[in-house]
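For reference, the chains in residue letters:
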Amino acid sequence: RTLYSFCYVCTGVQVQLWVWALVTVAVFAPLSWVRTVETFQIGYIFGVCVILIMVIIVSTFDFMLISEHNGEAGPNWQPFNEHGFITMWGLSFYMFEGVGSVLPVMEASTQKNNFGILLASALATLLVVDIYFSTLCYYAYGDDLKEPIIIQQMP
């Protein structure tokens with residue numbers, strides 16, 4: 001639903017939701033059948049670079065907003081939100097959507113004995129970055145987060 005809304009906002013063309021579902025299955029089903037990581041190495045590197053650049057850009061805007069408010073948090077900011085805490089558990093699973101690529105990476109890895117340590121380190125890094133980024137955005141905007149995509153919230 002978010003992709004559907006985002007594409008409508010960007011293009012102004014309203015496409016039926018079932019069309020998006022068919023396109024998604026048509027693109028991602030063949031990709032899931034490929035078990036060699038080398039085929040997608042350029043795509044992985046490009047995707048990671050895009051994510052890193054966007055985290056830096058959004059964090060910069062967040063720091064600028066915090067600076068404009070003299071270091072104060074956004075409106076109605078709570079250090080611990082007991083009402084939304086359980087929801088956060090469910091939503092945080094989306095952070096690990098790349099777990100499907102773990103098996104092909106393990107097959108291609110030369111460090112199979114240390115793969116558990118590498119995987120735990122990667123997941124811990126993702127967890128720390130997710131907590132930092134989410135906390136920064138929430139601290140900067142507080143209750144003013146009205147858009148589902150943080151980039152739409154930026155000026």
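Here the structure is a predicted model, which is why all the values come from computation and not from measurement.

**With respect to the packing of aromatic side chains**
Now for step 1: Taken as a whole and judged by the stated rule, the model has two aromatic pairs.
Now for step 2: Ring plane angle 45° and centroid distance 6.4 Å describe the contact between Trp-77 and Tyr-138, whose orientation is recorded as tilted. Of this pair, Trp-77 sits in the loop between helix 3 (41-68) and helix 4 (85-92) while Tyr-138 sits in helix 6 (residues 115-141), and the two are 61 residues apart along the sequence.
Now for step 3: On the basis of relative accessibility, which here comes to 30%, the residue Trp-77 falls in the partly exposed class.
Now for step 4: For Tyr-138, a relative accessible area of 22% translates into the label partly exposed.

**Regarding the environment of Phe-133**
Now for step 1: Of note, Phe-133 is situated in helix 6.
Now for step 2: When the C-alpha positions of Phe-133 and Asp-62 are compared, they lie 9.7 Å apart, and in sequence the two are 71 residues distant.
Now for step 3: If we skip the residues at most four places from it in the chain, Phe-133 touches Val-55, Val-58 and Ser-59.

**Some remarks on the confidence of the model for the chain**
Should the pLDDT be low somewhere, the predicted coordinates at that spot are not to be read in detail.
Now for step 1: For the chain, the average pLDDT comes to 76, and 74% of its residues sit at 70 or higher.
Now for step 2: Of all helices and strands in the chain, the one with the weakest mean pLDDT is helix 1 (residues 2-11) (55), whereas helix 3 scores best (88).

**Re the nonpolar core**
Now for step 1: Membership of the largest hydrophobic core is limited to 10 residues, which are Val-58, Leu-65, Ile-66, Phe-133, Leu-136, Cys-137, Ala-140, Tyr-141, Ile-150 and Met-154.
Now for step 2: If you list the elements that add at least two residues to this core, you get helix 3 and helix 6.
Now for step 3: The element best represented in this core is helix 6, accounting for five residues.
Now for step 4: The contact partners of Val-58, leaving out residues within four places of it in the chain, are Phe-133, Cys-137, Ile-150, Ile-151 and Met-154.

Rules used in this analysis
Residues numbered from 1 in each chain as written. Predicted model: local features only at pLDDT ≥ 70, side-chain atom pairs only at ≥ 80, totals over all residues. Heavy atoms only, no water. Phe/Tyr/Trp six-rings, centres within 6.5 Å; stacked < 30°, edge-to-face > 60°. Helix = DSSP H or I, 4+ residues; strand = E, 2+ residues; numbered from the N terminus. Buried < 20%, exposed > 50% of the residue type's maximum accessible area, 1.4 Å probe, protein only. Contact = heavy atoms within 4.5 Å. pLDDT = per-residue confidence, 0-100. Core = buried A, V, L, I, M, F, W, Y, C linked by side-chain atoms within 4.5 Å.

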